[in-house]
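# Fold and geometry: a report
Listed below, chain by chain, are the residues.
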Amino acid sequence: MGSVDSLIYLSEQTSNSSVDLIIWPEASIPGFFIKDNQYNRQILHEMNTFLNRSKFLVTGLDLKDKNKKYNAAALFKNTSLVNVYHKQRLVPNVEYTPGIFDTFGLNLGSMQNFDIGTELSLFNVNGHDFASMICIESIFPNPTRSFVDKGAKFIVYIVNDGWYETAPEPQQHAKRCIYRAIENRRSVIRCA
């Protein structure tokens, strides 16, 4: 069973008719699900029946738009893409390699060279505005504060803590959300 199949299975086990929003972690959908405004048909085929039954889904995915690549959070309503947030705080040498290394002739490489998002894209479910940020963004006061100033009523963090095999790193990372909740007086939902 693939990761998307597992998430669909788990989501269907826990959802019922009163659930309006399902949240999946960062990088839930493998590969580039959206490339130049076109869905990856194979992945869409896997998700199609589930998306038609679900109300709203927030999930992490990679997308390509023209010559840019983003680590993104996406809000779907049924099979329609409603909104996308492009991650603004990237992990050095994992999601991008800082250009300063090129100046010194160092070729450190990276797993991906994602572009940095610039827009604060609020999501909305049933009249409730919220922010969905990605992973390491939870450890910084911004952009959370900026989203709350823009009108976010609650905060969602989607996370991939698969890097950590043992304690204490996953626990430390998770606890940072407590600070964001206190600072902004907002409820936080975290899916890892």
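Treat the numbers as computed from the prediction; the structure is a model and nothing was measured. (Residues numbered from 1 in each chain as written. Predicted model: local features only at pLDDT ≥ 70, side-chain atom pairs only at ≥ 80, totals over all residues. Heavy atoms only, no water.)

### Overview of the overall build of the chain
Along the chain, the regular secondary structure elements total five helices and 10 strands. Each principal axis of the C-alpha distribution contributes one length, and for the chain these read about 55 × 40 × 35 Å. Here the contacts in the chain between residues at least 6 apart in sequence split such that 64% fall between residues at least 24 apart. Split by element, the accessible area of the chain, about 10,600 Å² in all, is 50% carbon and sulfur. Taking the average location of the 20 positive side-chain charges in the chain and that of its 19 negative ones, the two points are 6 Å from each other. (Helix = DSSP H or I, 4+ residues; strand = E, 2+ residues; numbered from the N terminus. Contact = heavy atoms within 4.5 Å. Areas by Shrake-Rupley, 256 points an atom, 1.4 Å probe, with all protein chains shown as cover. Lys, Arg positive; Asp, Glu negative; His and termini not counted. Charge placed at Lys NZ, Arg CZ, Asp CG, Glu CD.)

### Some details on the pattern of salt bridges
Enumeration over the complete set of coordinates arrives at five salt bridges. Here Lys87 ties to Glu26 by a salt bridge, and the two come within 4.0 Å at their closest N and O atoms. With Lys87 in the loop between strand S6 (80-86) and helix H3 (100-103) and Glu26 in the loop between strand S1 (21-23) and strand S2 (32-35), this residue pair connects regions lying 61 residues apart in the sequence. Per residue, the accessibility class of Lys87 equals that of Glu26, and both read buried. The shortest N-O distance in the salt bridge between Glu95 and Lys87 comes to 2.9 Å. Lys87 carries the same exposure label as Glu95, and that label is buried. Connected via shared salt-bridge partners are Glu26, Lys87 and Glu95. (Salt bridge = Lys/Arg side-chain N within 4 Å of Asp/Glu carboxyl O. Buried < 20%, exposed > 50% of the residue type's maximum accessible area, 1.4 Å probe, protein only.)

### Observations concerning the environment of Pro98
Relative to the elements of secondary structure, Pro98 occurs in the loop between S6 and H3. Separated by 50 residues in the primary sequence, Pro98 and Asn48 place their C-alpha atoms 38 Å from one another. Those residues in contact with Pro98 that lie beyond four places of it in its chain are Pro92 and Asn93.

### Some remarks on the environment of Ile139
Mapping Ile139 onto the fold places it in the loop between strand S8 (128-134) and helix H4 (144-150). Residue Ile139 is classed as partly exposed on the basis of its relative accessible area, which comes to 34%. Sequence separation between Ile139 and Asn40 is 99 residues, and the spatial gap between their C-alpha atoms is 32 Å. Contact partners of Ile139, with chain neighbours within four places excluded, come to His173, Arg176 and Arg180.

### Side note on the side chain of Asn184
With respect to the secondary-structure elements, Asn184 resides in helix H5 (residues 169-184). Judged by relative accessible area, which is 10%, Asn184 ranks as buried.

### Quick word on the packing of aromatic side chains
Summed over all chains, the structure comprises four aromatic pairs. When the centroid spacing of 5.7 Å and the interplanar angle of 90 degrees are considered together, the rings of Phe123 and Phe130 count as edge-to-face. Taking the relative accessible area as the measure of exposure, Phe123 reaches 1% and is therefore buried. Accessibility expressed as a relative area gives 0% for Phe130, which makes it buried. (Phe/Tyr/Trp six-rings, centres within 6.5 Å; stacked < 30°, edge-to-face > 60°.)

### Structural notes on the packing of helix H1 (residues 3-14) against helix H2 (residues 41-53)
Relative to each other, H1 and H2 sit at 20 degrees, their axes nearing to 10 Å. It follows that H1 is roughly parallel to H2 by the angle criterion. The way H1 lies across H2 gives a crossing that is left-handed. Contact with H1, carried on its side by Val4, Asp5, Ile8, Ser11 and Glu12, involves Glu46, Met47, Phe50 and Arg53 of H2 and no other residues of that element. Class assignment for the residues of the contact of H1 with H2 results in four nonpolar, one polar and four charged. (Axes fitted to C-alpha atoms, helices over the stretch in contact; angles between N-to-C directions. Parallel < 35°, antiparallel > 145°, perpendicular 65-115°, else oblique. Left-handed = near helix turned anticlockwise from the far one by under 90°. Nonpolar A, V, L, I, M, F, W, Y, C, P; charged D, E, K, R; others polar.)

### Concerning the state of the cysteines
On inspection of all chains with the given rule, the structure shows zero disulfides. Distance from the sulfur of Cys135, which forms no disulfide, to the nearest cysteine sulfur (Cys177) is 9.8 Å. (Disulfide = S-S within 2.5 Å.)

Everything listed here is a matter of coordinates, which is why it stays silent on function.
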